[in-house]
Amino acid sequence: MKEVLTNPTAGYYMNRDVFGQTGDFITSPEISQMFGELIAVWLVNEWTKCGRPTPFQIAELGPGRGTLMADILRVFSKFKIAGSDFSVNLVEVSPYLGQVQEKQLCPTQAQEATEVPQGSQHYKQSISLYGSQVRWYNHISDLPRTFTLFLAHEFFDALPIHKLVKVDQGWREVLIDLNREDLTLRYVISRDRTPACLYRLDNESREELEVSPQSLVITQTMAARIHQDGGIGLVIDYGHEGDKTDTFRGFKNHKLHDPLVDPGTADLTADVDFAALKWAATHPRAFEDWKANLTYGTVDQKDFLTRVGINLRLEQLLASCRDENVARDLKSAHKMLTDPMEMGSKFKFLALYPSVMEKILERYPPPGFV
Ligand code: SAH
């Protein structure tokens with residue numbers, strides 16, 4: 001999965017735009033500006049709850065086309081959060097999508113990415129439309145140490161999973177093998193235990209499951225930063241609470257695609273195990289020094305968006321809209337984002353807070369989650 005998606009030369013994400021009508025899938029920020037705007041207001045609200053610490057950073061993992069961040073920065077500028085108060089830091093492995101993000105967030109010629117000073121953790125930098133620093137990083141652990149609003153939208157579902165099955169002898173891993181007769185790929189069960197079988201399986205009642213060690217490590221890194229430097233995390237994705245078994249699949253041209261056929265030409269994805277992410281956010285690794293963070297959620301996208309005011313935002317936009325087609329598109333976008341039959345209940349929101357905020361959150365719980 002890692003090779004197919006992010007191999008430097010042939011990886012699915014590395015050299016193409018995979019989103020939208022002409023791509024393989026469409027994501028919520030691409031459907032409507034309302035999505036990013038509501039998230040921006042939520043972030044400003046929660047940052048205010050923390051005492052508006054500055055300087056701070058907004059760090060997005062896997063920003064795609066940069067649309068969500070563009071909508072957020074527009075709203076931040078309305079709240080006069082711009083310039084040197086904060087920086088925008090993007091964790092992105094794809095050079096192609098990095099370019100798309102740069103055009104979206106730093107669109108003018110004068111703001112073209114400048115040379116990165118030697119010894120920097122980031123690989124590219126520029127200035128946003130609103131005057132803030134924008135930097136690109138390969139890994140979450142390279143991000144600057146400061147108060148951080150973390151965002152991950154449809155990021156964790158792209159990280160590699162291991163498939164485990166219980167057989168008579170115990171847990172085994174499902175591997176991918178080459179059938180030498182017809183040179184096709186096929187699934188096989190490992191003869192012995194593999195390192196992935198060391199995952200926390202003691203009380204597991206499922207006979208088959210998917211584990212994503214990389215997702216756990218990234219969540220633990222985010223959790224450590226939130227505890228040590230202050231911050232909040234918002235993770236949005238399709239997923240489950242640790243009860244699903246077999247969700248690994250491919251997508252090509254908006255249709256399901258066999259992951260073993262023409263690897264590299266289709267998106268590969270697995271539902272996010274939110275129970276595992278919550279475990280990671282509350283369990284430091286042995287060598288680490290941080291306490292369990294607080295987690296909120298998951299809640300369904302329709303509940304989150306409705307509670308933070310998507311209906312009101314739709315009304316406002318419709319009130320100032322003179323074009324019938326635009327009005328129709330706004331209504332259909334609202335339906336697509338919130339209808340349980342569309343993205344409304346498939347997508348979930350999870351928030352992370354440092355444990356020091358417990359008392360404040362008891363009084364002022366995170367909007368959207370209750
Ligand atoms: N958040 C965007 C894009 C989702 S697609 C949206 O919702 O529209 C997944 C994104 O994660 C892409 O930008 C992809 O290039 C990036 N990505 C995938 N694997 C990654 C990894 N290991 N590290 C950093 N970015 C990664």
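Naming follows an unreviewed UniProt entry, where the protein appears as Protein arginine methyltransferase NDUFAF7 of Daphnia sinensis. Recorded in UniProt under Catalytic activity (unreviewed entry), the annotation for the protein is "L-arginyl-[protein] + 2 S-adenosyl-L-methionine = N(omega),N(omega)'-dimethyl-L-arginyl-[protein] + 2 S-adenosyl-L-homocysteine + 2 H(+)".

Novice: Can you help me understand the overall build of the protein in this one?
Specialist: Counting secondary structure elements, the protein contains 11 helices and 16 strands. Here the C-alpha atoms of the protein give a radius of gyration of 21 Å, agreeing with the 21 Å that 2.2 N^0.38 yields for 370 residues. Among the 370 residues that make up the protein, the fraction classed as buried is 53%. In the protein, once contacts between residues fewer than 6 apart in sequence are set aside, the share between residues at least 24 apart is 72%. Surface exposure of the protein reaches about 17600 Å², of which carbon and sulfur atoms provide 51%.

Novice: Help me out: how do you make sense of a nonpolar patch on the surface in this one?
Specialist: A contiguous nonpolar patch, built from Ile176, Leu178, Leu183, Leu185 and Tyr187 and spanning about 450 Å² of accessible area, is present on the exposed surface. Put simply, the parts of the chain that give the nonpolar patch at least two residues each are strand S7 (170–179) and strand S8 (184–189). Here Leu178 is to be found in strand S7.

Novice: Could you clarify how one ought to interpret helix H4 (residues 67–78) in this entry?
Specialist: Each full turn of the α-helix corresponds to 3.6 residues, which orients residues three or four apart in the same direction. When the terminal C-alpha atoms of H4 are compared, their 17 Å separation across 12 residues agrees well with the 16 Å that a helix rising 1.5 Å per residue should span. When you tally the buried positions in H4, you get 9 out of 12 residues, the bulk of the element. Each element contacted by the buried residues of H4 is listed here: helix H2 (28–31), helix H3 (33–49), strand S1 (56–61), strand S2 (86–91), helix H5 (95–105) and strand S5 (148–153). Within two residues after H4, Lys80 carries a phi angle of roughly 65 degrees, on the positive side.

Novice: Whenever I open this one, the site of the ligand confuses me. Can you help?
Specialist: Looking at the ligand, there are 18 residues lining it, with Thr27, Gly62, Gly64, Glu92 and His153 nearest. Within the contact set of the ligand, an oxygen atom lies 3.0 Å away from a backbone nitrogen or oxygen of Gly64. A distance of 2.6 Å separates an oxygen atom of the ligand from a polar side-chain atom of His153. Contact with the protein chains removes 95% of the 570 Å² of surface that the ligand exposes when unbound. Here the residues of the shell around the ligand are counted per class, giving 8 nonpolar, 7 polar and 3 charged.

Novice: Would you mind going over the domain arrangement of the protein with me for this structure?
Specialist: Where interface size is given, it is often the accessible area lost as the parts come together that is meant. Taken as a whole, the protein is organised into domain 1 (15–159 + 212–363) and domain 2 (162–211). Taking only C-alpha atoms, the centre of domain 1 and the centre of domain 2 are 31 Å apart. Listed per partner, the contact involves 18 residues of domain 1 and 13 residues of domain 2. Here domain 1 and domain 2 share an interface that buries about 1300 Å² over both sides, 55% of which is from carbon and sulfur atoms. Here domain 1 is connected to domain 2 by 1 salt bridge. A salt bridge links Lys163 to Asp246, with the nearest nitrogen and oxygen atoms 2.8 Å apart.

Novice: Got a minute to help me understand the side chain of Glu92 in this structure?
Specialist: Looking at the element boundaries, Glu92 is found in the loop between S2 and H5. Not counting the four nearest positions on each side in its chain, Glu92 is found in contact with Gly62, Pro63, Gly64, Leu97, Gly98, Gln101, Tyr123, Trp136, Tyr137 and Asn138.

Novice: Would you mind going over the sheet that holds strand S13 (residues 267–269) with me for this structure?
Specialist: Within a sheet, each strand pairs with its neighbour through backbone hydrogen bonds, oriented either parallel or antiparallel. Taken in spatial order, the 3 strands of this open sheet run S12-S11-S13, and their pairing is antiparallel. The open sheet has two edge strands with one neighbour each: strand S12 (255–257) and S13. Each strand of the sheet is rotated relative to its neighbour by a mean of 40 degrees, with strand direction disregarded. Bridge count for strand S11 (residues 249–252) against S12 is 3 bridges, and the pairing is antiparallel. Looking across to S12, one finds that Phe251 is bridged to Leu256.

Conventions used here
Residues numbered from 1 in each chain as written. Predicted model: local features only at pLDDT ≥ 70, side-chain atom pairs only at ≥ 80, totals over all residues. Heavy atoms only, no water. UniProt positions renumbered as here; feature names shortened; annotations may be inferred. Helix = DSSP H or I, 4+ residues; strand = E, 2+ residues; numbered from the N terminus. Rg over C-alpha atoms; globule rule 2.2 N^0.38 Å. Buried < 20%, exposed > 50% of the residue type's maximum accessible area, 1.4 Å probe, protein only. Contact = heavy atoms within 4.5 Å. Areas by Shrake-Rupley, 256 points an atom, 1.4 Å probe, with all protein chains shown as cover. Patch = residues over 30% accessible without salt bridge, like charges linked within 9 Å, V, L, I, M, F, W, Y side chains within 5 Å. Salt bridge = Lys/Arg side-chain N within 4 Å of Asp/Glu carboxyl O. Expected span 1.5 Å × (residues − 1). Near = heavy atom within 4 Å. Polar contact = N/O pair within 3.5 Å; in protein donor to acceptor, adjacent residues only side chain to side chain. Nonpolar A, V, L, I, M, F, W, Y, C, P; charged D, E, K, R; others polar. Domains from an automatic or database assignment. Buried area = accessible area lost by both parts, 1.4 Å probe. Pairing = 2+ DSSP bridges. Axes fitted to C-alpha atoms, helices over the stretch in contact; angles between N-to-C directions.

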